[in-house]
Amino acid sequence: MIAQSTLVGAMLAASLSAVSLSASAQAQPAIIFDMGGKFDKSFNESAYRGIERWKQESGKPYLEFEISNDTQRVQAIRRMAERGASPIISIGFAQASALEQVAKEFPKSQFAIIDMVVNLPNVQSVVFKEHEGSFLVGAMASLSSKTGKVGFIGGMDIPLIRKFQCGYEQGAKVANTKAEVFSNMTGTTASAWNDPTRGGELAKAQFAKGVDVVFAAAGGTGSGVYQAAKDASKLAIGVDSNQNHMQPGTMLSSMVKRVDVAVYNVLKSYKPGLSVLGLKEGGVDYAMDQHNAKLVSAALKTKVDAYKADIIAGKIKVADYMADNACKY
């Protein structure tokens, strides 16, 4: 039995060198991190924290793999299914088509995807109300701006990132009807998520127009935006994970998507179908900690928390770009 497990481990290691294995005969969960790696200081890393929390609480191991190019997705998910992993959690919308393909091949296996919907009976899809969290940081940006001009820099130009942009713009203009919002997308391919140089250039161009607070929803590209903001003595807002620590004193806040909560919930209670996490469910929020405490006054926090309460209560309806394929508010 041990020899057989060793052989299976060797075969997996040969095809997926980064997979962690255990000799346990019981089904283990598996997580497939997307490009950028599990320590990307953003989306993947939040997922990593979620599964590590589960590991620490349960005392059980898990399998993992980090995608380094587009062609690996189907193979990585399939190998995990062949290994008998359950559930298999794919991190990020880019894995949707690969997961759908493999989930059909293994109808008795359990799969999950974070940040996209795959409508199959053996898949749990977890998505977020990014527009609600983006509204809050948009209001925070507008209320903190001295010029009345705030910026948004997205990663890859896709409807999901337009969803962030629209919520941010609405929040900024609800907080200050005269606010101007300048927006740029980094690109139209996957490389847009990891181009700090381009992010910095876009931020500098916005600063030249008078922007003094910028929100980056751009993965690794955001680090360039934050550096540019620090260099120009402007304010920046992080995304997905709490990125306030990346440039203390520059980061006004971060719009956190609790990917860690989503992953943890899947592992604690797997439920095929759709799960949607917004402000009410604790799935999105704005981050406060020691790194931005001096930038956020009590009065500012009170105003933002009031908007949060109104959104949860349904008094403010935040536009969902992906519902209308347009920014209508």
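Placed above this text is the structure.
Per chain, the residues get numbers from 1 upward, laid out in the order the sequence is written. Only residues with pLDDT of 70 or above have their local features reported here, since the model is predicted, and side-chain atom pairs are shown and tallied only from 80 upward, although totals for entire chains, interfaces and linings are computed over all residues. Heavy atoms from the whole structure form the basis of all side-chain values; hydrogens and water molecules are not counted.

A. The environment of asparagine 122, seen in detail. Helix and strand assignments follow DSSP, with helices taken as H or I runs no shorter than four residues and strands as E runs no shorter than two, numbered in order from the N terminus. Its place among the elements puts asparagine 122 in the loop between strand S4 (111–114) and strand S5 (123–128). Burial classes follow relative accessibility: with a 1.4 Å probe on protein chains only, a residue under 20% of its type's maximum area counts as buried, one over 50% as exposed, and anything between as partly exposed. Residue class for asparagine 122 comes out buried when judged on its relative accessible area of 8%. The sequence separation of asparagine 122 and alanine 112 amounts to 10 residues, and the corresponding C-alpha distance is 8.2 Å. Think of a polar contact as two N or O atoms within 3.5 Å of one another; within protein, one of them needs to be a possible hydrogen donor and the other a possible acceptor, and neighboring residues in sequence only count if both atoms come from side chains. Within the structure, asparagine 122 has its side chain in polar contact with the backbone oxygen of phenylalanine 106 (distance 3.1 Å).

B. Spotlight on the packing of aromatic side chains. Note on aromatic contacts: the rings of Phe and Tyr and the six-membered ring of Trp form a pair at centre separations within 6.5 Å, being stacked when their planes are under 30 degrees apart, edge-to-face when over 60 apart, and tilted otherwise. Considering all chains together, one arrives at seven aromatic pairs under this definition. Following the ring pairs from residue to residue traces out a cluster consisting of Phe33, Phe39 and Tyr48. For a ring to carry a charge above it, either NZ of a lysine or CZ of an arginine must fall within 6 Å of the ring centroid while also lying within 35 degrees of the normal to the ring plane. Directly above the ring of tyrosine 264 sits arginine 53, whose terminal nitrogen or CZ lies 3.5 Å from the centroid.

C. Here's a closer look at the pairing of strand S7 (residues 180–187). DSSP-based pairing: two strands are paired if at least 2 bridges between them are found. By the bridge criterion, seven bridges tie strand S6 (residues 149–156) to S7 in an arrangement that is parallel. Bridge assignment links phenylalanine 152 to a residue of S7, and that residue is serine 183. Every crossover in which the path from the first strand over the helix to the second runs clockwise, viewed with the strands pointing away from the viewer, is termed right-handed. Running through helix H6 (residues 159–175), the crossover from S6 to the neighbouring parallel element S7 is right-handed.

D. Region of the structure containing H6. What a helix should span is 1.5 Å times the count of its residues minus one. For H6, which comprises 17 residues, the first-to-last C-alpha distance of 24 Å matches the rise-based estimate of 24 Å (1.5 Å per residue) to within 8%. Counting buried residues in H6 gives 13 out of 17 residues, a clear majority hidden from the surface.

E. Summary view of the sheet that holds S6. Reading across from one edge, S7-S6-S8-S9-S10-S12 is the order of the six strands in this open sheet, with mixed pairing throughout. Of all the strands in the sheet, the pair left with one neighbour each is S7 and strand S12 (284–286). Pairs of neighbouring strands in the sheet enclose a mean axial angle of 15 degrees, with direction left out of account. Both S6 and strand S8 (residues 213–217) contribute to a ladder of five bridges, which runs parallel. Among the inter-strand pairings, glycine 151 is bridged to a residue of S8, identified as valine 214. The angle between two axes is taken between their N-to-C directions and runs from 0 to 180 degrees, where each axis is a line fitted to C-alpha atoms and a helix contributes only its stretch in contact.

F. Representation of the side chain of lysine 38 in the model. Summarising the element assignment, lysine 38 is placed in the loop between strand S1 (30–33) and helix H2 (43–58). Take lysine 38: its relative accessible area is 12%, and that puts it in the buried class. A distance of 2.7 Å separates the side chain of lysine 38 from the side chain of glutamate 64, its partner in a polar contact. Apart from the residues lying within four places of it in its own chain, the contact partners of lysine 38 are Phe33, Asn44, Glu45, Tyr48, Glu64 and Glu66. Contact definition: two residues touch when any of their heavy atoms are within 4.5 Å.

G. How the structure looks around the sheet that holds strand S11 (residues 273–277). An order of S2-S1-S3-S4-S5-S11 is seen for the six strands of this open sheet, with the pairing classed as parallel. Lying at the two open borders of the sheet, with one neighbouring strand each, are strand S2 (63–66) and S11. Averaged over all pairs of adjacent strands, the angle between strand axes in this sheet comes to 15 degrees, irrespective of strand direction. Taken together, the three bridges between S1 and strand S3 (residues 88–91) define a ladder with parallel strand orientation. When the bridges of S3 are listed, isoleucine 32 appears paired with serine 90.

H. How the structure looks around the state of the cysteines. Cysteine sulfur atoms are paired as a disulfide whenever they come within 2.5 Å of each other. Counted under the stated rule, the structure contains one disulfide. Two residues, cysteine 166 and cysteine 327, share a disulfide whose sulfurs are 2.0 Å apart. Between cysteine 166 and cysteine 327, the S-S torsion sits near 90 degrees, and that sign places the bridge as right-handed. Note that cysteine 166 is positioned in helix H6 and cysteine 327 in the segment after helix H11 (321–324), a separation of 161 residues in sequence. Its relative accessible area of 1% is what places cysteine 166 among the buried residues. Accessibility expressed as a relative area gives 32% for cysteine 327, which makes it partly exposed.

I. Focus on the pattern of salt bridges. One side-chain nitrogen of Lys or Arg within 4 Å of one carboxyl oxygen of Asp or Glu is enough to make a salt bridge. Counted by the stated rule, this structure contains 16 salt bridges. The closest approach of N and O atoms between arginine 73 and aspartate 70, which form a salt bridge, is 3.1 Å. The class of arginine 73 is buried, set by a relative accessible area of 8%. Ionic contacts of the salt-bridge type, sharing partners, join the residues Asp115, Glu130, Lys163 and Lys257 into one network.

J. Examining unusual backbone geometry more closely. Of the consecutive residues serine 86 and proline 87, the connecting peptide bond is found in the cis state with omega at -10 degrees. Locating proline 87 in the fold gives a position in the loop between helix H3 (72–83) and S3. The residue aspartate 115 is not glycine, and still its phi comes out positive at about 95 degrees. Mapping aspartate 115 onto the fold places it in the loop between S4 and S5. At aspartate 240, a residue that is not glycine, the phi angle is positive and equals roughly 65 degrees.

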